[in-house]
Amino acid sequence: MRPLSAAELLCAWEDGLSRGPVDRALVLLAAASPEAAPDSLAALPIGERDSRLLALRAWIFGATLASRATCPECGEQVEFSFDAASRFAPWRNEPPQTEIGISFAGYDLCLRPPNSIDMAALSLDSDAEARRSHLFARSLVSASKNGDPVGADRLPPEVVAAAAEALAKADPLADMRVDLGCPTCEYRWQAPFDIVPFFWSEIEAWACRILREVHVLARAYGWSERDILELSPARRQAYIELAGS
Ligand SMILES: [Zn+2]
């Protein structure tokens, strides 16, 4: 994986414009990982995929992420920032576990962490519980009791819970959470953090800005889009100021 140039990032933004979050994540990773087969990126466990997106985001926009959340207790908007690399580094498994075996309450299960193909297969209109069980069924490679196969829908809830725990442990970055505290009511909680919409909204804001800069410089100097995108941000900014003077 490598950082993206301004021209490559703009192409990735254009490619992802009409797509959903799963495809956007894969478009960005594919642009930054020309050596990887697209199928292999789609098959990455979600936590591994997202940790790569965090690394890409740090290369492009810096290591510090700033966001906001609503306090669940009093409704206050809480702004927060954190360094993703140091926050999530201890969560990462090296290498990510792709096959997990557990034995619980007489059941033997073989599981694999969900990937982007599984996420894309989830129906958008199903409720959260239906999505969870659909995802679990896809993650279950096999299940048996005393050697007899058992379907995902026939497993007791405590076995499903143990399996979910094993899956979360195998791919902890699939559920990134940030410790937050409310300055108004002092409530403390863990807010979920999803790198895909966060990174994409930053890319959208960046694309709007860079297209405006291309527009100003192309009109002022007659340069091509490619030439303008090859300028460093500092030079681009300097020429924009000169063009306006
Ligand atoms: Zn509060």
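See the structure above.
Residues numbered from 1 in each chain as written. Predicted model: local features only at pLDDT ≥ 70, side-chain atom pairs only at ≥ 80, totals over all residues. Heavy atoms only, no water.

Asks: Talk me through the coordination of the zinc ion; I want residue IDs and the actual numbers.
Replies: Bound to the zinc ion on the protein side are C71 (SG), C74 (SG), C182 (SG) and C185 (SG), at distances that span 2.3 Å. Because the angles between the four donor atoms bound to the zinc ion fall within 106 to 113°, the donor set is best described as tetrahedral. Along the chain, the residues donating to the zinc ion are arranged with the sequence spacing C-x2-C-x107-C-x2-C. Linking C71 in the loop between strand 1 (64–70) and strand 2 (77–83) with C182 in the loop between strand 7 (177–181) and strand 8 (188–192), this pair joins segments that are 111 residues apart in sequence. We note that C71, like C182, is buried. (Donors = N, O, S within 2.8 Å, 3.2 Å for Na, K, Ca; no water. Tetrahedral: all angles 85-135°; square planar, octahedral: opposite > 155°, others 65-115°. Helix = DSSP H or I, 4+ residues; strand = E, 2+ residues; numbered from the N terminus. Buried < 20%, exposed > 50% of the residue type's maximum accessible area, 1.4 Å probe, protein only.)

Asks: Just give me the short version of the packing of helix 1 (residues 6–16) against helix 9 (residues 195–221), but keep the residues and values in it.
Replies: At their nearest, the axes of helix 1 and helix 9 sit 10 Å apart, and the two run at 115° to each other. As for how helix 1 packs across helix 9, the hand of that crossing is left-handed. Taken together, the residues of helix 9 that come into contact with helix 1 (itself represented by A6, L9, L10, A12, W13 and G16) are W200, I203, E204, W206, A207, I210 and L211. Its residues assigned to classes, the contact of helix 1 with helix 9 comprises 11 nonpolar, one polar and one charged. (Axes fitted to C-alpha atoms, helices over the stretch in contact; angles between N-to-C directions. Left-handed = near helix turned anticlockwise from the far one by under 90°. Contact = heavy atoms within 4.5 Å. Nonpolar A, V, L, I, M, F, W, Y, C, P; charged D, E, K, R; others polar.)

Asks: Quick one: what's the story with the pattern of salt bridges, residue by residue and with numbers?
Replies: In total, this model carries 11 salt bridges according to the counting rule given. Here R52 makes a salt bridge to E48, at a shortest N to O gap of 2.9 Å. In this pair, R52 and E48 both sit in helix 4 (residues 46–61), four residues apart, roughly one turn of the helix. The partly exposed category is assigned to R52, whose relative accessible area is 27%. Judged by relative accessible area, E48 falls into the buried class, the value being 6%. Here R68 and E79 are joined by a salt bridge, their closest N and O atoms 3.0 Å apart. Of this pair, R68 sits in strand 1 while E79 sits in strand 2; the two residues are 11 residues apart in sequence, bridging distant segments of the chain. (Salt bridge = Lys/Arg side-chain N within 4 Å of Asp/Glu carboxyl O.)

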